[in-house]
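Secondary and tertiary structure notes
Single-letter residue listing:
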Amino acid sequence: MKKTILLFLAALALGGCSSGESGTDKLKVCTSFYAMYDFASEIGGDRVEIKNLVPNGAEPHDWEPSVGAMVSLEKADVFIYNGLGMEDFVEKVESSVGGDLVYVEASEGCEILYGYEDDHGHNDHDDHDHDISDADPHVWLNPYNALTEAENICEAFSLCDPVNADYYRENLAAFEEKIIKLDEAYKEGLSDIKSRDIIVSHGAYGYICEAYGLSQRAVEGMSGNSDPSPRKVREIYDFIRENNIDCIFYESLTGSRTAAAISEDLGISLYPITAYEGLTAEQEKAGLNYFDVMYNNLESFRKGLG
């Protein structure tokens, strides 16, 4: 039995997750960062009240909860987070927040990539001799992992708020249909590209690469906030020249001075993509969601890879 299921049952036995019992009160939900907020919104619709903790533009890996965030968690029924080391603050929440808060590790059951960026620039499926410190946490960038996360969220909402369980499952079914179309669009859109080697500023795209036959070389690390070593930069320069790479994909949320410098120095193009840890101010104003940014990523890949 899943750990999450055990947590749900324990919370229900203690009387937690009662917000929806009357059919009128909304389930109170906190999410760790924007991707989790988006998935919870897709499944919960107008039957849940969601507070997202990590603000757009902040780095989930390094963010620390404020007093206000902890108060929100104290009042919540459900806390949804990705896991796999994405949110280092979860342990602090677990040790500080009382009550009947139900924890949902959305990535549970996802196909995990380990050995992030090994010597060959690939990821390793084998989970032997690995722990989460060696895992790539950006699981939602594989559409079917995003579906698994949505399924875990639906399961939590349905158990905590059984009055609205059918509503949540209907929303999950609609989400699944959009996932199938997204996957088909990627398979078709990347079937005829001229290059399958991509240079990325932020090494977060292993799941897209694994799902659609690409291979990433990252200028910066997985968190996207570390400066590359001179040796790493030289290797990127050499790889670009040796393989006739003519573009770099940069993280639109944070940008990359190093990627911009390489682009200018070698006269190659820059294209925006996002790992969807948050939204830029422009994206937030436009109301973009997971599917919007994933289709935008696909468009950038097609332009950059020919």
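Once a new chain begins, its residue numbering starts again from 1 and follows that chain's sequence as written. Confidence filtering applies because this is a predicted model: local features only for residues at pLDDT of at least 70, side-chain atom pairs given and counted only at 80 or more, and all residues used for totals across whole chains, interfaces and linings. Note that the side-chain values use all heavy atoms of the structure and ignore hydrogens as well as water.

Let us look at the overall build of the protein. When its secondary structure is counted, the protein shows 11 helices and 8 strands. Burial here depends on accessible area, computed with a 1.4 Å probe over protein chains only, as a share of the maximum for the residue type. Under 20% is buried, over 50% is exposed, and the range in between is partly exposed. By residue count, 54% of the 306 residues in the protein fall in the buried class. Within the protein, contacts between residues separated by at least 24 positions form 65% of all contacts whose residues are at least 6 apart in sequence. Only DSSP runs of H or I covering at least 4 residues are called helices, and only runs of E covering at least 2 are called strands; the numbering of each starts at the N terminus. Any two residues whose heavy atoms approach within 4.5 Å are treated as being in contact.

A word on helix α5 (residues 143-160). Helix span is expected to be 1.5 Å times the residue number reduced by one. With 18 residues, α5 extends 26 Å from end C-alpha to end C-alpha; this agrees with the ideal 26 Å at 1.5 Å per step. For this analysis, a polar contact is any N or O atom pair within 3.5 Å, provided that within protein one partner can donate a hydrogen and the other can accept it, and provided that sequence-adjacent residues contribute only side-chain to side-chain pairs. Where α5 begins, one side-chain oxygen reaches toward the backbone nitrogen of Tyr144, 2.9 Å away; that side chain belongs to Asn142.

On to a negative patch on the surface. Think of a patch as exposed residues, more than 30% relative accessible area, with no salt bridge, where like charges cluster within 9 Å and nonpolar side chains (Val, Leu, Ile, Met, Phe, Trp, Tyr) cluster within 5 Å. To be clear on the numbers: accessible area is Shrake-Rupley with a 1.4 Å probe, and residue cover counts the displayed protein chains and nothing else. We define a salt bridge as a contact between a side-chain nitrogen of Lys or Arg and a carboxyl oxygen of Asp or Glu at a distance within 4 Å. In this tally, Lys and Arg are treated as positive and Asp and Glu as negative; His is ignored, and so are the chain termini. Where a charge lies is defined by one atom per residue type: Lys uses NZ, Arg uses CZ, Asp uses CG and Glu uses CD. A cluster of like negative charges, contributed by Asp62, Asp88, Glu91 and Glu94, occupies part of the molecular surface. Owing to a relative accessible area of 52%, Asp88 belongs among the exposed residues under this scheme.

Glancing now at the packing of helix α2 (residues 34-44) against helix α6 (residues 165-189). Only the stretch in contact is used when a helix axis is fitted, and all axes are lines through C-alpha atoms; the angle between N-to-C directions ranges over 0 to 180 degrees. Packing of α2 against α6 leaves a shortest axis separation of 7 Å and a crossing angle of 120°. Considering their axes alone, α2 and α6 lie oblique with respect to each other. Between α2 and α6, the residues in contact are Phe39, Glu42, Ile43 and Gly44 and Tyr167, Tyr168, Asn171, Leu172, Phe175 and Lys178, respectively. For the contact of α2 with α6, the per-class residue count stands at 6 nonpolar, 2 polar and 2 charged. Working rule for angles: under 35 degrees goes down as roughly parallel, over 145 as roughly antiparallel, 65 to 115 as roughly perpendicular, anything else as oblique. Nonpolar residues are Ala, Val, Leu, Ile, Met, Phe, Trp, Tyr, Cys and Pro. Charged residues are Asp, Glu, Lys and Arg, and all others, Gly as well, are polar.

Between any two strands, pairing holds if DSSP finds at least two bridges. Spatially, the 4 strands line up as an open sheet ordered β2-β1-β3-β4, and their pairing is parallel. The outermost strands of the open sheet, each flanked by one partner alone, are β2 (48-52) and β4 (102-105). On average, each strand axis in the sheet is tilted by 25° relative to the strand beside it, whichever way the strands run. Sheet topology places strand β1 (residues 27-31) next to β2; 5 bridges connect them, and they run parallel. Among the inter-strand pairings, Leu27 is bridged to a residue of β2, identified as Val48. Together, β1, β2 and β3 (78-81) form the strand contacts of α2, whose direction differs from that of β2 by roughly 175°.

Our focus in this paragraph is the confidence of the model for the protein. Looking at the protein, the pLDDT average stands at 87 and 85% of residues meet or exceed 70. The pLDDT value tells you how sure the predictor is about a given residue, anywhere from 0 up to 100. Note that residues 1-11 has pLDDT below 50 and, in this model, 24 contacts with residues that lie over four places away or in other chains. Residue range residues 117-128 is modelled with pLDDT below 50. Its contacts to residues more than four positions away, or to other chains, number 27 contacts.

Moving on to the nonpolar core. Of all hydrophobic cores here, the largest spans 83 residues; its most connected members are Phe79, Ile80, Trp140, Phe157 and Tyr290. Take this core: its biggest share by element is 8 residues, from α5. Beyond its immediate sequence surroundings of up to four residues, Phe157 is in contact with Leu27, Val29, Ala40, Ile43, Gly44, Val48, Val78, Ile80 and Tyr168. By convention a nonpolar core is built from buried Ala, Val, Leu, Ile, Met, Phe, Trp, Tyr and Cys residues, the set being connected through side-chain atoms within 4.5 Å. Membership of the second largest hydrophobic core comes to 12 residues, among which are Ile199, Ile236, Phe239 and Ile240.

Relative to the 36 Å expected for 25 residues at 1.5 Å per residue, α6 spans 36 Å between its end C-alpha atoms, a close match to the ideal helical length. Those residues of α6 that sit buried are Ala165, Tyr167, Tyr168, Asn171, Leu172, Phe175, Ile179, Leu182, Asp183, Tyr186 and Gly189. Against the buried residues of α6 lie α2, β2, α5, α7 (206-212) and α11 (290-305).

Mapped onto the secondary structure, Glu149 falls in helix α5. Setting aside anything within four residues of it in sequence, one finds Glu149 in contact with Met36, Phe39, Asn82, Ala106, Ser107, Cys110, Val139 and Trp140.

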